[in-house]
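# An overview of the molecular structure
Read off the chains here:
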Amino acid sequence: MNLQALTLPGLAVGAYLLGAVPFSVLLGRFFLKKDIRAYGDHNPGAANVFRAGSFIAGMSAVLLDIAKGMPFVLLARSLEFSLVPVVCIGLCAILGHCFSLFLRFRGGKGVAVTYGVLIGLWIPAWLFPFCVAAIVGLLLWESNAWVMLLTPAVTLVFLLLTRDSALSLGFMLCIQALFTFKFASDVDGPPRLRAFWRERFLPRRQL
């Protein structure tokens, strides 16, 4: 058995455990003296740190969640693992965040850590369409839940059109499945354009 085969399980477990660290809950507890899960959607994620009343702590939580998706992916790349195990290690980090061992397998919704993994992988054909889809979605759609459901879907369409690898499609399908599981309960109807766009481009009904 070669060194990479021996190292891979440790990297996967390390990625999961780092991903599972609930930085948002810790920041809320030690700096805000609040349980951020009492706010908003009761999710142990960065959005509820903002809702608990601190922009600085909220931004810190976002940056920490992004950062925790990167180290083990970068370490695997530095050890010259092939892309398949590196992607699997990245998925372990995302799963750790979404199903945290430290929170009885409850966790955040996985958006920030997914960006961290994509940055660590640094495959422009995956990262940039995902970022563009999210930015355009935030500008267009009223519901953030729909934005996060549509972002991996749009990225998947792009990857199909550009005939990217089966690995890229498999990875994005995993992200789509996770986001669907995490955000489906937040959907309260079909996607709606933001009021700004509705007022300018959709005809008003006559009274």
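Conventions and cut-offs
- Residues numbered from 1 in each chain as written.
- Predicted model: local features only at pLDDT ≥ 70, side-chain atom pairs only at ≥ 80, totals over all residues.
- Heavy atoms only, no water.
- Axes fitted to C-alpha atoms, helices over the stretch in contact; angles between N-to-C directions.
- Helix = DSSP H or I, 4+ residues; strand = E, 2+ residues; numbered from the N terminus.
- Contact = heavy atoms within 4.5 Å.
- Expected span 1.5 Å × (residues − 1).
- Polar contact = N/O pair within 3.5 Å; in protein donor to acceptor, adjacent residues only side chain to side chain.
- 1 Å grid on protein atoms, 1.4 Å probe; cavity = no way out; pocket = protein on both sides within 12 Å on 5 of 7 lines; lining within 4 Å.
- Points joined across faces, edges and corners; volume = space filled by probe spheres on them.
- Nonpolar A, V, L, I, M, F, W, Y, C, P; charged D, E, K, R; others polar.
- Buried < 20%, exposed > 50% of the residue type's maximum accessible area, 1.4 Å probe, protein only.
- Phe/Tyr/Trp six-rings, centres within 6.5 Å; stacked < 30°, edge-to-face > 60°.
- Parallel < 35°, antiparallel > 145°, perpendicular 65-115°, else oblique.
- Left-handed = near helix turned anticlockwise from the far one by under 90°.
- pLDDT = per-residue confidence, 0-100.

Take the packing of helix H7 (residues 111-121) against helix H8 (residues 124-140) next. Viewed as axis vectors pointing N to C, H7 and H8 meet at an angle of 145 degrees, and their least axial separation amounts to 9 Å. Between H7, through Thr114, Tyr115, Leu118, Ile119 and Leu121, and H8, the contact on the second element is made entirely by Trp126, Leu127, Phe130, Cys131 and Ala134.

Let's shift gears to helix H4 (residues 55-67). The end-to-end C-alpha distance of H4 is 18 Å, a good match for the 18 Å that 13 residues give at a rise of 1.5 Å each. Residues of H4 that are buried in the fold lie against helix H2 (23-32), helix H3 (46-51), helix H6 (83-98) and H7. In this structure Ser54 caps H4, since a side-chain oxygen of it lies 3.0 Å from the backbone nitrogen of Ala57.

Bringing empty space enclosed by the protein into the picture now. One pass over the full model with this rule turns up 1 cavity of 30 Å³ or more. A volume near 40 Å³ is recorded for the largest cavity. In this structure, the largest cavity is lined by Ala20, Val21, Pro22, Phe23, Pro44, Lys68, His97, Ser100, Leu103, Gly107 and Gly108. When the residues that make up the lining of the largest cavity are grouped by side-chain class, the tally is 6 nonpolar, 4 polar and 1 charged.

Relative to the helices and strands, Ser100 resides in the loop between H6 and H7. Separated by 3.1 Å, the side chain of Ser100 and the backbone nitrogen of Phe102 make a polar contact. Dropping the residues within four chain positions of it, Ser100 is found in contact with Tyr16, Ala20, Phe105, Arg106 and Gly107.

Turning our attention to H7. Most of H7 is tucked away: 9 of the 11 residues are buried. Among all positions of H7, only Ala112, Val113, Thr114, Tyr115, Gly116, Val117, Leu118, Gly120 and Leu121 are buried. Of the surrounding secondary structure, the elements contacted by the buried residues of H7 are H4, helix H5 (71-78), H6, H8 and helix H10 (166-183). Positive backbone phi, approximately 45 degrees, marks Trp122, located one or two places after H7.

Here we take up the packing of aromatic side chains. Applying the stated criterion across every chain, the model contains 8 aromatic pairs. Each ring, one from Tyr115 and one from Phe130, has its centre 5.2 Å from the other, and the planes form 70 degrees; the classification is edge-to-face. Residue Tyr115 is located in helix H7, and its partner Phe130 is located in helix H8; the two are separated by 15 residues in the primary sequence. The residues Tyr115 and Phe130 share a single accessibility class, namely buried. Seen from their ring centres, Phe196 and Trp197 are 4.8 Å apart, and the 90 degrees between their planes marks the pair as edge-to-face.

Moving on to the packing of H2 against H4. Interaxial distance between H2 and H4 falls to 9 Å at its minimum, and their mutual angle equals 150 degrees. The angle between H2 and H4 falls in the class roughly antiparallel. When you trace H2 past H4, the crossing you get is right-handed. Where H2 abuts H4, its residues Phe23, Ser24, Leu27 and Leu32 lie against Ala57, Ser60, Ala61, Leu64 and Asp65.

The next point concerns the confidence of the model for the chain. When pLDDT is averaged along the chain, the result is 93, and 97% of the positions lie at 70 or above. By mean pLDDT, helix H11 (residues 195-201) is the weakest element of the chain at 85, and H7 is the strongest at 98.

Quick look at the environment of Leu8 now. Tracing the chain through its elements places Leu8 in helix H1 (residues 3-20). Take Leu8: its relative accessible area is 30%, and that puts it in the partly exposed class. Along the chain, Leu8 and Val86 lie 78 residues apart, while their C-alpha atoms are 8.9 Å from each other.

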